[in-house]
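Single-letter residue listing:
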There are 2 protein chains.
Amino acid sequence: MNLLHWRLLVAVADASNITRAAEDVGMTQSGASQAIAQLEASLGFPVFTRERRHIGVTALGEQVIEQARKMLAQLNAIRALADESRGLSGGRIRLASFPSVTSTLLPGLLRDFKRLHPGIEVVVLEGTDEEVEEWLAADTVELGVVMNPAPGRTNVVLGQDAWVAVMPSGQQQERNSKARGITLEELAGQPFILATGGCVVNGKSLIEQAGLQLCDVRVKVRDWVSACMLVREGLGVTLVPESALPAELRGLCVMPVAPPIHREFGLVCSPSGKTSGATQALLKGLHKG
Amino acid sequence: MNLLHWRLLVAVADASNITRAAEDVGMTQSGASQAIAQLEASLGFPVFTRERRHIGVTALGEQVIEQARKMLAQLNAIRALADESRGLSGGRIRLASFPSVTSTLLPGLLRDFKRLHPGIEVVVLEGTDEEVEEWLAADTVELGVVMNPAPGRTNVVLGQDAWVAVMPSGQQQERNSKARGITLEELAGQPFILATGGCVVNGKSLIEQAGLQLCDVRVKVRDWVSACMLVREGLGVTLVPESALPAELRGLCVMPVAPPIHREFGLVCSPSGKTSGATQALLKGLHKG
DNA sequence: TTTAATTACGTGCGACGTAAGCATT
DNA sequence: AATGCTTACGTCGCACGTAATTAAA
């Protein structure tokens, strides 16, 4: 019977849907299902009605949920109190990021932070990686997600992933290089689909950084997944971050780049970020969690 | 940050003493200490002041504690709601037990139950095992702890322990039988200190049940530990439940009885107990926890 | 066929206990 | 010495995730 149970309870009531509620509180559908079952067992009566494909609330459930809401409010009051005492309350953090990170890493991050500091407002700005850098330099945001940050500049490493080559399945390269990977040189010589994800660090920049040149760029698209679709159509090969691969890989052959190339996301703070208590609180939270 | 943390927080505030608070909520001093430290870390400021040998509350701490109290009150309200819905609220359970169990097994049990069902009052009556049986038969209690209950009669097994023989250390039996144990026959022939613990199931009854007879009963005492003290003084040997042994065993030689004899505590309910929702709720709680 | 919930099963992390350490009276 | 808090360390259980299953629409 943890707090998570009650949070989940309220979330399910709000969403009328266990799956969405689970996402809201940051757990899987399965975990949520179990947690709810457990909670109901502990209470001794069902809180929710499972009927056809949506979840309702029993009469008793209503009462319980109302109380739970009040309880969580009290909890938030405590947290707010804590923040206020340190002058963090009413703080506002502007955080800049680019699409892939915004949709993958940030949600969980921000959820946890909001839970810990309900009194601090976090505004997320989305842009290209270049824009993020500009905003940081201009000090219009306190925090920014940057790629491959210069060492020492990063305050927190958010994550990393490897670049992988994508080509239509069934090519002869497939059996040759599937295991040991493919070199940039081999890639550069083929018809290429340039995917950017809205970043200046992309297939083209990587190849050029290696002193090579793409001999035949067929298309340039912003979306990673779109690029993979085009590969499947046989228009060429491409280079994408592993985490950006589409779920459905049929018709595609994905292989590591040799030697491996990684990209790393770091959170850096601007001059004004360094002096903001709220911002520092966020960074502190990341160092452990 | 679970509910236990907040319970502990309040408990510490009330007790002004981590050790006692820990007992109150059912954990060790160490665990409590860690939990408090963790909680303070999470809040970001100290709630308690550690000064000389007692614990005080900081100004912010006061605020937090007040909120926590309210929060826990909300939680209790939920539980009460749950019980009320099942007609359990306002219920009263009379539970009869005898000394050794009352002081060892019951406290934790009752604490957990009260936490789960704040609206149900549990009254504990203490007596000898015979009295407990009488009360059960007369239906003046809903539940009773009985020893070695007839199979099928027990609703829940609370625990069990083995009878052990205690004699002064340094006897020649010591080396002979320490490992393989001592038979009742060997014991019956020696000067005996009869300890009862207020129960009719005791050394004498065990020996007689085995078709033997104590040849020389020197003293009869009620308290198990006192009996062990007398053994140390060299007055004779005795037979006690393992769990009743004193902490300090210097000068004593404890050895198993061969073949082993166990005693079992079971919780049985009287006729009226079978129809009481509150009583059944308690029993249900024991089946799992 | 897709979406949603439950069930089964395995695993990792963290909470808690044991025990040692340290301080205060 | 005795009391009381903290720290170190090991382990056990549980909560959660993965994945298979069921059910409904």
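Residues numbered from 1 in each chain as written. Chains lettered and ligands numbered in written order. Predicted model: local features only at pLDDT ≥ 70, side-chain atom pairs only at ≥ 80, totals over all residues. Heavy atoms only, no water.

An unreviewed UniProt entry lists chain A under the name LysR family transcriptional regulator, with Rahnella inusitata given as the organism. For chain A, the Sequence similarities (unreviewed entry) comment in UniProt is given as "Belongs to the LysR transcriptional regulatory family." (UniProt positions renumbered as here; feature names shortened; annotations may be inferred.)

(A) View of the overall build of chain A. Secondary structure assignment for chain A yields 13 helices and eleven strands. For chain A, the C-alpha atoms occupy an extent of roughly 70 × 50 × 25 Å along the three principal directions. Going through the 289 residues of chain A one by one, you find that 47% of them count as buried. Contacts spanning at least 24 positions in sequence make up 71% of the contacts within chain A whose residues lie at least 6 apart. Surface exposure of chain A reaches about 13,600 Å², of which carbon and sulfur atoms provide 51%. (Helix = DSSP H or I, 4+ residues; strand = E, 2+ residues; numbered from the N terminus. Buried < 20%, exposed > 50% of the residue type's maximum accessible area, 1.4 Å probe, protein only. Contact = heavy atoms within 4.5 Å. Areas by Shrake-Rupley, 256 points an atom, 1.4 Å probe, with all protein chains shown as cover.)

(B) Here's a closer look at the protein's contact with DNA strand C. Taken together, 17 residues form the shell around DNA strand C, and within it T19(A), Q29(A), S33(A), R50(A) and T28(B) come nearest. Among the atoms of DNA strand C lying within 4 Å of the protein, the sugar-phosphate backbone contributes 61%. N17(A) places a side-chain nitrogen or oxygen 3.4 Å from a phosphate oxygen of DNA strand C. At the level of secondary structure, the elements contributing two or more residues to the surface near DNA strand C comprise helix 2 (18–25) and helix 3 (29–43) of chain A together with helix 3 (29–43) of chain B. For the surface near DNA strand C, a count of residues per class yields four nonpolar, nine polar and four charged. (Near = heavy atom within 4 Å. Polar contact = N/O pair within 3.5 Å; in protein donor to acceptor, adjacent residues only side chain to side chain. Nonpolar A, V, L, I, M, F, W, Y, C, P; charged D, E, K, R; others polar.)

(C) Spatial organisation of the packing of helix 2 (residues 18–25) of chain B against helix 3 of chain B. Residues and elements named next belong to chain B. The N-to-C vectors of helix 2 and helix 3 enclose an angle of 100°; their axes lie 8 Å apart at closest approach. Viewed along their axes, helix 2 and helix 3 adopt a mutual orientation that is roughly perpendicular. Across from I18, T19 and A22 in helix 2, the residues of helix 3 making contact are Q29, A32 and S33. Taken together, the residues of the contact of helix 2 with helix 3 sort by class into three nonpolar, three polar and no charged. (Axes fitted to C-alpha atoms, helices over the stretch in contact; angles between N-to-C directions. Parallel < 35°, antiparallel > 145°, perpendicular 65-115°, else oblique.)

(D) Region of interest: the protein's contact with DNA strand D. Taken together, 18 residues sit near DNA strand D, with T28(A), R52(A), T19(B), Q29(B) and R50(B) positioned nearest. The sugar and phosphate moieties of DNA strand D supply 58% of its atoms located within 4 Å of the protein. A distance of 3.1 Å is found between a base oxygen of DNA strand D and a side-chain nitrogen or oxygen belonging to S30(B). Only helix 3 of chain A together with helix 2 and helix 3 of chain B provide two or more residues apiece to the surface near DNA strand D. Per element, the largest residue contribution to the surface near DNA strand D is four residues, and it comes from helix 3 of chain B. Looking at the surface near DNA strand D residue by residue, the classes come out as three nonpolar, eleven polar and four charged.

(E) Local environment of the pairing of strand 6 (residues 156–168) of chain A. Residue and element names in this part refer to chain A. Burial of strand 6 is extensive: eleven of the 13 residues sit out of reach of the surface. The pairing of strand 6 with strand 11 (residues 262–269) spans six bridges and is classified as antiparallel. When the sheet's bridge partners are listed, D161 is paired in strand 11 with R263. Judged from the five bridges that link them, strand 6 and strand 10 (residues 252–256) form a sheet pairing that is antiparallel. Counted as the bridge partner of V164 is P256 from strand 10. (Pairing = 2+ DSSP bridges.)

(F) Representation of the relation of the copies chain A and chain B. For the pair chain A and chain B, the relating rotation is 179°, the translation along its axis is 0.1 Å, and the fit reaches an RMSD of 0.3 Å. Between the two chains, the operation in question is that of a two-fold axis. In this assembly, 100% of the residues forming the interface of chain A have copies in chain B that are likewise at the interface, indicating an isologous arrangement. (Least-squares fit on C-alpha atoms with pLDDT ≥ 70 in both.)

(G) Summary view of the pattern of salt bridges. Residue and element names in this part refer to chain B. For the structure shown, the criterion picks out 20 salt bridges over all chains. In this structure, R263 and D161 form a salt bridge, with 3.1 Å as the shortest nitrogen-oxygen distance. You can see R263 sitting in strand 11 (residues 262–269) and its partner D161 sitting in strand 6 (residues 156–168), a full 102 residues away along the chain. By relative accessible area, which is 1% here, R263 ends up buried. The exposure class of D161 is buried, given its relative accessible area of 7%. (Salt bridge = Lys/Arg side-chain N within 4 Å of Asp/Glu carboxyl O.)

(H) Local environment of unusual backbone geometry. Residues A258(A) and P259(A) are joined by a peptide bond in cis, for which omega reads -10°. Looking at where P259(A) falls in the secondary structure, it is placed in the loop between strand 10 and strand 11. Backbone geometry at S16(B) places phi at a positive 50°, although glycine is not the residue there. Mapped onto the elements of the fold, S16(B) is located in the loop between helix 1 (3–15) and helix 2. With a relative accessible area of 30%, S16(B) lands in the partly exposed category. For D139(B), which is not a glycine, the phi torsion comes out positive at approximately 65°. If you trace the backbone, D139(B) turns up in the loop between helix 7 (129–138) and strand 5 (143–147).

(I) Highlighting the side chain of R79(A). When you line up the elements, R79(A) lands in helix 4 (residues 59–85). Buried and unpaired, R79(A) has D83(A) as its nearest opposite-charge partner, separated by 6.3 Å. If we skip the residues at most four places from it in the chain, R79(A) touches R115(A), L116(A), P118(A), M1(B), S42(B) and L43(B). (Lys, Arg positive; Asp, Glu negative; His and termini not counted.)

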